[in-house]
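What follows is each chain in one-letter form.
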Amino acid sequence: MTHDHPAAPDRGASRPFGRLLTAMVTPFTTDGSLDLDGAVRLANHLVDEQGNDALVVNGTTGESPTTTDAEKETLIRAVVEAVGDRARIVAGVGTNDTRHTIELAASAEKAGAHGLLVVTPYYNKPPQSGLLRHFTAVADATGLPIMLYDIPGRSGVPIATDTLVKLAEHGRIVAVKDAKGDLTATSWVLARSDLAYYSGEDALTLPALAVGGVGLVGTSTHFTGVLAKQLIEAYDAGDTTTALSLHRRLLPLFTGIFRTQGVILVKAGLAAKGLPAGPVRPPLVDATADELAQLRADCAAAGLELP
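Rules of the game
Just so you know, the residues in each chain are numbered from 1, in the order the chain's sequence is written. Since the coordinates come from a predicted model, pLDDT governs what is reported: local features require at least 70, and pairs of side-chain atoms require 80 or more to be given and counted, while whole-chain, interface and lining totals use all residues. Excluded from the side-chain calculation are hydrogens and water; included are all heavy atoms of the structure. Working definition: with a 1.4 Å probe on protein chains only, accessible area under 20% of the residue-type maximum means buried, over 50% means exposed, and in between means partly exposed. In this description a helix means any DSSP run of H or I spanning at least four residues, a strand means any run of E spanning at least two, and both kinds are numbered starting from the N terminus. Following DSSP output, two strands are said to pair if at least two bridges run between them. With strands facing away from the observer, any crossover in which the path from the first strand over the helix to the second runs clockwise is taken as right-handed. UniProt positions are given in the numbering used here, feature names are shortened, and annotations may be inferred rather than shown by experiment. Contacts: residue pairs with any heavy atoms within 4.5 Å of one another. Stacked, edge-to-face and tilted labels apply to pairs of Phe, Tyr and Trp rings (six-membered ring for Trp) whose centres lie within 6.5 Å, assigned for plane angles under 30 degrees, over 60, and everything in between, in that order. Charges are assigned to positions over rings by a cutoff of 6 Å between ring centre and Lys NZ or Arg CZ, combined with an angular limit of 35 degrees from the ring normal.

Engineer: Summarise the pairing of strand β5 (residues 146–150); cite the residues concerned and give the values.
Structural biologist: Counting buried positions along β5 gives 5 out of 5 residues, so the element sits mostly inside the fold. Where burial is concerned, the two faces of β5 agree: the one with I146, L148 and D150 and the one with M147 and Y149 are both buried. By the bridge criterion, 4 bridges tie strand β4 (residues 115–119) to β5 in an arrangement that is parallel. Bridged to L116 within β5 is I146. Each parallel crossover has a hand, and the one from β4 via helix α5 (residues 128–141) to β5 is right-handed.

Engineer: Explain the UniProt feature "binding site: pyruvate" (unreviewed entry) in the protein to me, and be specific about the residues and the numbers.
Structural biologist: In this structure's numbering, the residues bearing the UniProt feature "binding site: pyruvate" (unreviewed entry) are T61 and V217. The greatest C-alpha distance among the annotated residues, which extend across 157 residues, is 11.0 Å, indicating that they converge on a single site. Note on placement: T61 falls in the loop between β2 (54–57) and α3 (69–83). Those residues in contact with T61 that lie beyond four places of it in its chain are A23, M24, V25, T26, T219, H222 and V263. Mapped onto the elements of the fold, V217 is located in strand β8 (residues 215–218). Residues contacting V217, with those up to four places away along its chain left out, are L21, A23, V56, M147, K177, Y198, S199, G200 and D202.

Engineer: So what's going on with the UniProt feature "active site" (unreviewed entry) in the protein? Residues and values would help.
Structural biologist: Listed under "active site" (unreviewed entry) in the UniProt record, and renumbered for this structure, are Y149 and K177. These annotated residues cover 29 residues of sequence, and their C-alpha atoms all fall within 4.7 Å of one another, placing them together at a single site. Relative to the assigned elements, Y149 resides in strand β5. Y149 gets classed as buried once you look at its relative accessible area, which sits at 7%. Discounting chain neighbours no more than four positions away, the residues touching Y149 are T60, L117, V118, V119, T120, I159, K177 and A179. Examined against the element boundaries, K177 turns out to sit in strand β6 (residues 173–178). If we skip the residues at most four places from it in the chain, K177 touches L117, M147, L148, Y149, D150, Y198, G200 and V217.

Engineer: Quick one: what's the story with the environment of V285, residue by residue and with numbers?
Structural biologist: For V285, the location among the structural elements is in the loop between α12 (262–272) and α13 (289–301). Sequence spacing of V285 and L244 is 41 residues, and the spatial spacing of their C-alpha atoms is 35 Å. When sequence neighbours within four positions are dropped, the list of residues in contact with V285 reads I264 and V280.

Engineer: Tell me about the packing of aromatic side chains, and please be specific about residues and values.
Structural biologist: For the coordinates displayed, the defined rule picks out 1 aromatic pair. An angle of 55° between the planes, with centres 6.4 Å apart, marks the rings of F17 and Y198 as tilted. Linking F17 in the loop between α1 (8–13) and β1 (20–23) with Y198 in strand β7 (residues 196–199), this pair joins segments that are 181 residues apart in sequence. Y198 matches F17 in its accessibility class, with the two residues each being buried. One residue, R281, lies across the ring of F28, its end atom 4.1 Å from the ring centre.

Here it is, written out as structure tokens:
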């Protein structure tokens, strides 16, 4: 049975970056240098063919650990110029050094980005007071809206509920990419703040929506974008039956894209489709023939064809 979603108008109003975002890979040429023409083609494809409302550039899926600051700025400029008139461009600027993050934020703003994705400082394991100071300092230094990125599996430190609620008081901290996998913690933050929550795990999109989330920042959405957006729109319209059906259909690829590091399989799949991708940079390694075969099987299981 379907019914009107009572909170739909408010949810729409609190979607600073739309419903569907893809963390875009950074195409490289065969020699490993930045492929700007490829990035423009891929950005156009993700917005015009896959239905993305926004793109994250220079995220982890964009291999930000191995791209230079200059490459990051060049990439933002190219993507903003290509699709910035019809999609919001969110620049990944997070590092484990507050000063460097502020520098990247200034560079992204200058390059025309519409928002910033700021990950929890990784490896140096700051206490919650350090996280509060870090994120506040970045937000104070920019004029752009910020999406926090809570991913303890990569950063080693979760952003605690109380910390998130406190950060939500900052006018420019408007959203969270939630890859903590703790829907109870997410629920508490949503009950106590007006942060817009985007699932940072493709397979948790529907459960995240159920506790008040507004959308997805996806990886498999390089391929599943149209259907993932249909899932979100169905849920918003109160058609939970369709949303659940799409969730189950897409599960093989929502999860399969992470059988190894996500960017490895995305780039392999894009190359198979004749789309710009190129190699990954070390320490990542390109997909093996077996991994590509498995990706084809996962796509087929989701009803999507990979040549």
